[in-house]
Amino acid sequence: MTNLEDALGMMDALTGDEGAGTVPVKSVLDEKINEHFAGAVVRKDLVKAVRGNAVVPSYVLEYLLGQYAASDDEATIQAGIDSVRKILATHYVNRNEHKFVKSEIRRKGRHRVIDKVTVTLNEKDDVHEADFENLQIKGVVIDDATVNRNPKLLVGGVWCICDIEYFHTDDPRAVPWILGSLKPIQVAGVDIEHFYEARKSFTTEEWIDLLVQSIGLNPEQFNDRGKLIALTRLIPFVERNFNVVELGPKGTGKSHTFSEFSPNGILISGGEVTVAKLFVNNASGRIGLVGYWDCVAFDEFAANRRADQNLVNVMKNYLANKSFSRGTSIYGAEASMAFIGNTTHTVPYMLKNSDLFDELPDAYRDPAWLDRIHHYIPGWEVAPIRAEMFSSGYGFVVDYLAEILRAKRTEDFSDKYKGYFTLDSSISTRDQDGIHKTFSGLMKLVHPTGEADEEEIRALLEFAIEGRKRVKDSLLRIDATMRDTAVRFRYADKTGVWHDVATLEESQYPQLYRRDWSAVPDSHYDAGEPSLPAPTVIESAAPAELFQGHRDFVDNQQGISFETLLLPYLAGATQIELHDPYIRMAHQGRNLVELLALIAATKDPADEINFKLFTVLDENPDFQKKQLQMLNAIVQGAAQQGIKLDVAKDPGGHDRWIRTDTGWRINLGRGLDIFQKSDGGWLDFGSSRQEFRQVRAFGVTYIRNREE
């Protein structure tokens, strides 16, 4: 592999396999999970062990694992893994092997397949017909009773285990494929009373960790707030008509929950949405996705720059009233909606220049549409997914938990806080609805019986208030008419003491977050008076004040740092190029991170800098993989700090240099690799400050381009 840009683009597939084949040590929590939920839980790393080249959702694999490997006995697990692998090898239809499978069906006369099945009504012949996605056969007649029992077959398709028969006739119109049987991949039923009783044996912290493991994440890699953010993605499955937005950087697992977690939800591309597909087809009268699925999630929603205004209007009414009208008919539905997309700017940039809905298509930046959003998940707080963030512990078989959550959609826990807390009367009805629905959903997840103490309820209520406040505060920036009525997002406890709730970004960037609306026209934003000191920003020095020419440094010299050596020449630049073919080893990556961190710390938090690194891939495949993983991590980390790092192949030689859009070129004899190796570990002062490290002999030349 020589194309570095393409290699970085494939990094999602290069997650580490460290530990593969080893048996994870069961924790105390794992023991308790198996004790109280035997048969309903599975070890989460087994999905990866059996997936192979089967392109199916995790819930399909966990359904099979739940049949054969829902145990904590290692011998049973290994036998179950072998069974599932054999089932997949024998019955899963790989799309590029569909011709072979069809030949097998013809040879044997009858064969069982695992495939995604979609059904349509053939009005001409008045029959329902099934299409098999991977097997690539169409027009297979399916009886009405099967369709009536599984209406989702008509909308979006369902993964099923089917027996397919082959019978050829001389009729050219006849389809030779016959559906012998069809069984959707989902649990037959759950004992919710046992679920409630078993919950009592877990502390709140243990229960949250169990839910996080059930999603497939390692709770040890997340703090309490990170776990709540992960669980909020489940609310659309447990709460009717819950509308949530999550915008954040790429690679944070935003769409994973909606694509892999539940057979009761469907993930569609934001660009594929139409009124007919989502709500109702006027021509056929058939109800769309919202009539059949508990959750409809829109992936890459922010990337869909074009939107049908009619769709926006119909969706707006549905988000507010749980109903939609087409023609002369009015329909109701219970599907929750999740809108997920990537951000291209940092939070301070958005706060300074626009609002937190900055990435949405213009048609959806309608204040009336945005006001229907109940909760805004701060996706920028979620770290990019790494191999160690996946769980190897036990969690619920996902379709078991999905059925539990579906059963609880009929309940309402929105008033469970009222025995302890009271919301401020200035909070509008629509704001309260958003808070109540988020709180109700979290309560059903964390405290499914509705019983919790005051502090447990307080934590969920504050998180619910914060998510709605994030929506409202952005609306105040977008729509000046909403500023007429002052609102305070706060609550009072039983003693009458009021507690204000702030978003994390409000506390982190107060000088950018708060606005003095009376100070400027509505078309502009004003930062107001900061309540905390503004960050220190190093201003670009005048060119005459900076040294031009060559400098040499000798072995073992100390007192050298990027801060004095390079930073003054980079100050004020918005475009920076670094040519260094040797960003390969861990210490070289650390040097790059330290330079980027200096730039990030000294720029205005709301500014963004484009930094292009030209380097070369290691020729050794093993080292190359580690190098790519390192570079990918640096790219993701830099993006969170407002530095857009692009990595490309260095086109020439061993020359190492830096160039800025402010006119400086810095020729670097050794590139960034100027420091001697140290074995002092974290207790070595050089680990914290570059000035305490000894350097290797190197030279640097500063050249000013007067034309810049």
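All values reported here derive from a predicted model rather than from experimental measurement. (Residues numbered from 1 in each chain as written. Predicted model: local features only at pLDDT ≥ 70, side-chain atom pairs only at ≥ 80, totals over all residues. Heavy atoms only, no water.)

A. Representation of the layout of surface pockets. Taken as a whole, the second largest pocket holds about 580 Å³ of empty space. Lining the second largest pocket are 28 residues, with Pro 57, Lys 116, Gly 156, Trp 159 and Leu 267 sitting closest to its centre. Where the lining of the second largest pocket is concerned, the elements lending two or more residues are strand 5 (158–166), helix 12 (256–260) and strand 8 (265–269). Ranked by residues supplied to the lining of the second largest pocket, first place goes to strand 8 with 4 residues. Per-class residue counts for the lining of the second largest pocket are 14 nonpolar, 8 polar and 6 charged. (1 Å grid on protein atoms, 1.4 Å probe; cavity = no way out; pocket = protein on both sides within 12 Å on 5 of 7 lines; lining within 4 Å. Points joined across faces, edges and corners; volume = space filled by probe spheres on them. Helix = DSSP H or I, 4+ residues; strand = E, 2+ residues; numbered from the N terminus. Nonpolar A, V, L, I, M, F, W, Y, C, P; charged D, E, K, R; others polar.)

B. Structural view of the side chain of Ser 354. Tracing the chain through its elements places Ser 354 in the loop between helix 15 (347–353) and helix 16 (367–370). Residue Ser 354 is classed as buried on the basis of its relative accessible area of 9%. At a separation of 2.9 Å, a polar atom in the side chain of Ser 354 contacts the side chain of Asp 358. (Buried < 20%, exposed > 50% of the residue type's maximum accessible area, 1.4 Å probe, protein only. Polar contact = N/O pair within 3.5 Å; in protein donor to acceptor, adjacent residues only side chain to side chain.)

C. The arrangement of the pattern of salt bridges in detail. Under the defined criterion, the tally for this structure stands at 47 salt bridges. The partner of Asp 424 in a salt bridge is Arg 490, and the shortest N-O contact between them spans 2.4 Å. Of this pair, Asp 424 sits in the loop between strand 15 (422–423) and helix 18 (429–446) while Arg 490 sits in strand 16 (residues 490–492); the two residues are 66 residues apart in sequence, bridging distant segments of the chain. Judged by its relative accessible area of 6%, Asp 424 falls in the buried class. Glu 455 serves as the salt-bridge partner of Arg 458, at 3.2 Å between the closest nitrogen and oxygen. Taken together, the positions of Arg 458 and Glu 455, both in helix 19 (residues 454–478) and 3 residues apart, correspond to about one turn of that helix. In this structure Glu 455 comes out as partly exposed when scored by relative accessible area, which is 48%. Each of the salt bridges in this network shares a partner with another, and the network as a whole consists of Arg 225, Glu 381, Glu 466, Arg 470 and Glu 505. (Salt bridge = Lys/Arg side-chain N within 4 Å of Asp/Glu carboxyl O.)

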